[in-house]
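Structural features, examined
What follows is the residue order along each chain.
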Amino acid sequence: MANSEPTRGRAEARIDLAAIRENTARMRERAPSAALMAVVKADGYGHGMVPAARAALAGGATWLGTAFISEGLRLRQAGITARILSWLAVPGDDWAAAIQAAIDLSANAVWAIEEIAAAAAQAGVPARVHLKIDSGLGRAGTTPQEWPRVVDAALKAQADGLLQVVGLWSHFACADEPGHPSITRQLATFREAVEYAERAGVRPEVRHIANSPATLTLPEAHLDLIRAGITIYGLSPAPELGTARELGLRPAMTLAARLALVKRVPPGHGVSYGHRYVTDRNTTLALVPVGYADGVPRAAGDRCGVLLAGRRRAIRGRVAMDQFVVELGDDDAACGEEVLLFGPGDFGEPTADDWARALDTIAYEIVTRVGPRVPRVYLGAPQAEQASGIGVSR
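This text gives an overview of the structure that appears in the document. (Residues numbered from 1 in each chain as written. Predicted model: local features only at pLDDT ≥ 70, side-chain atom pairs only at ≥ 80, totals over all residues. Heavy atoms only, no water.)

1. Quick word on the nonpolar core
Defined as follows: Residues enter a nonpolar core if they are buried and are Ala, Val, Leu, Ile, Met, Phe, Trp, Tyr or Cys, with the set joined through side-chain atoms within 4.5 Å. Partly exposed residues are those whose accessible area sits between 20% and 50% of the maximum for their type, while under 20% is buried and over 50% is exposed, using a 1.4 Å probe and protein chains only. Strands are runs of DSSP state E lasting at least two residues, helices are runs of H or I lasting at least four, and both sets are numbered from the N terminus onward. Throughout, a residue-residue contact means that at least one pair of heavy atoms, one from each residue, lies within 4.5 Å.
Grouped together as the largest cluster of nonpolar side chains are 126 residues, with contacts concentrated most on Leu131, Phe324, Leu341, Phe342 and Trp355. No other element matches the 8 residues that helix 6 (residues 110–123) contributes to this core. When near neighbours in sequence (up to four residues on either side) are disregarded, Leu131 contacts Ala107, Ile113, Trp147, Val150, Val151, Ala154, Val165, Gly167, Leu168 and Trp169. Ranked by size, the runner-up nonpolar core spans 6 residues in total, among them Val265, Val271, Tyr277 and Val325.

2. Quick word on the sheet that holds strand 9 (residues 225–228)
Put simply, the rule is: We treat two strands as partners when DSSP finds at least two bridges between them. To define axes, lines are fitted to C-alpha atoms, for helices over the stretch in contact only, and angles between the resulting N-to-C directions are given on a 0 to 180 degree scale.
Reading across the sheet, the 8 strands line up as 8-7-6-5-4-3-2-9 and stay open at both edges, with parallel pairing between neighbours. Since the sheet does not close on itself, it has two edges, and those belong to strand 8 (206–208) and strand 9, each with one partner. Neighbour to neighbour, the strand axes of the sheet diverge by 30 degrees on average, direction disregarded. Sheet analysis places strand 4 (residues 83–86) next to strand 5 (residues 103–107), joined by 3 bridges and oriented parallel. The residue bridging Leu85 from the neighbouring strand is Asp104, located in strand 5. Across the sheet, helix 4 (residues 69–77) is in contact with strand 3 (63–66), strand 4 and strand 5; its angle to strand 4 comes to roughly 160 degrees.

3. Some details on the sheet that holds strand 1 (residues 11–16)
If you walk across this open sheet you meet the 9 strands as 11-14-17-16-15-18-10-1-19, and the pairing is mixed. Each having just a single partner strand, strand 11 (261–265) and strand 19 (376–379) make up the two edges of the open sheet. This sheet shows a mean twist of 35 degrees between the axes of neighbouring strands, independent of strand direction. In terms of strand pairing, strand 16 (residues 311–316) meets strand 17 (residues 324–329) through 2 bridges, oriented antiparallel. Pairing of Arg316 across the sheet is with Val325, part of strand 17.

4. A word on the pairing of strand 6 (residues 127–132)
Moving residue by residue along a regular strand, the side chains alternate between the two faces of the sheet. Short version of the rule: Seen with its strands pointing away from the viewer, a crossover is right-handed if its path from the first strand over the helix to the second goes clockwise.
With 6 of 6 residues buried, strand 6 is to be regarded as a mostly interior element. Of the two faces of strand 6, the one holding Ala127, Val129 and Leu131 and the one holding Arg128, His130 and Lys132 are both buried throughout. In this view, the connection linking strand 5 to its parallel neighbour strand 6 by way of helix 6 has right-handed handedness. Here 6 bridges tie strand 6 to strand 7 (residues 163–169), and the two strands are oriented parallel to one another. Within strand 7, the residue paired with Leu131 across the bridge is Leu168.

5. What about helix 4?
Burial in helix 4 covers these residues: Ile69, Glu71, Gly72, Leu73, Leu75 and Arg76. Buried residues belonging to helix 4 abut helix 2 (41–45), helix 3 (49–58), strand 3, strand 4, helix 5 (95–100) and strand 5. Gly79 sits one or two positions beyond helix 4 and adopts a positive phi of about 90 degrees.

6. With respect to the packing of aromatic side chains
Put simply, the rule reads: Any pair of Phe, Tyr and Trp rings, taking the six-membered ring for Trp, is counted once the centres come within 6.5 Å. Such a pair is stacked with planes under 30 degrees apart, edge-to-face with planes over 60 apart, and tilted for the rest.
According to the stated counting rule, one finds 5 aromatic pairs in the structure shown. Each ring, one from Tyr45 and one from Tyr364, has its centre 6.3 Å from the other, and the planes form 35 degrees; the classification is tilted. Note that Tyr45 is positioned in helix 2 and Tyr364 in helix 11 (residues 363–368), a separation of 319 residues in sequence. Geometrically, the ring pair formed by Trp87 and Trp169 is tilted, given 5.6 Å between the ring centres and 50 degrees between the ring planes. With Trp87 in the loop between strand 4 and helix 5 and Trp169 in strand 7, this pair connects stretches of sequence that are 82 residues apart. As far as burial versus exposure is concerned, Trp87 and Trp169 are alike and both buried. Counting every residue linked through ring pairs, the aromatic cluster contains Tyr45, Tyr233 and Tyr364.

7. So, helix 8 (residues 181–200)
Since the α-helix packs 3.6 residues into each turn, any two residues three or four apart lie on the same face. Rules: To estimate how far a helix should reach, multiply one less than its number of residues by 1.5 Å. The directions considered for the arc run from the helix axis to the C-beta atoms.
With 20 residues, helix 8 should cover 28 Å at 1.5 Å per step; its first-to-last C-alpha distance of 29 Å lies within 8% of that length. The complete set of buried residues in helix 8 reads Ser182, Ile183, Gln186, Leu187, Phe190, Ala193, Val194 and Ala197. Projected onto a plane normal to the axis of helix 8, the buried residues spread over an arc of 130 degrees and lie on a single side. Within helix 8, the exposed residues directed more than 90 degrees away from the buried face are Thr184, Arg185, Glu192 and Arg199. Looking at the buried positions of helix 8, the neighbouring elements they touch are helix 7 (147–159), strand 7 and strand 8.

This is the structure:
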């Protein structure tokens, strides 16, 4: 959704909910035989968890994924009734609240099964549990060597009426690198783990291993459920897989700000902390009132650009906590004029992918780090969301 209306405050992140709906529908088309989980952890990758979740559900998602129980509880408190999986917990976490809220839980180890079972006994409701195996990522999940113990503990708790094993799952390490040898190995390890669990008596509702890149490139990994994260926000999981446009996706976030100051300076004028940039001629500098406290990377100075007064302009000098400087040369701009840091590219502004390339990082980091001092303005909200105050369309 193109939007050229000016920013009303110091800065804002415009979130195109129609884009999230459409991106979810595109990902659903990629795996028509599988259900789709929209991953909305980290405040919906910086887009706003509840509005993003509702938009994704409107686009065809039937599951939502969060890292932490607290995130799943926020979705329930917002009145969202879809199936939710929360997968990252520590000993003593609020398992009982999650169970009472009908949030599915992931178990990586025997201790987790024991704590979930105890919490289910306290809650008086059986827990819904997904057993996770580390098929090769080397992060969360039980090892193949420990898998039989975890399956056995889960089945014992299930026999006691304390939980139901409803899912078996894992996560790829290199699905964003097509042809990487670890992909086949991980898929084989996961299949062996599923076969073992099912032989032991597990009857899962869903088996899932496909993240966004695997959904795009590995149809054999779609299984019962795909987990789409970055793609529902309209960003490519990796340059090797194509740009967002090539993948049929539309970036949902536009980060905009308004100029706080414009001034003419002479040659030899240092800019920002440390004077890493010094002007080499008479030039115009403009002050943008967002900084690393708002999520603009400190390293963006002299590496990234913005759209201002119809052209891309270079950020000069170090990005500070609350502000940074751009150079206009002999062009002019007015205080209050809008600056587009990144967006879909409709007006020639950089994209989050452009910023990621310039900073040698990934677009995930660019959008998720946009901080809470930057208000989110929601565009393209369905009428039901507008009525509930979730979306503001303009």
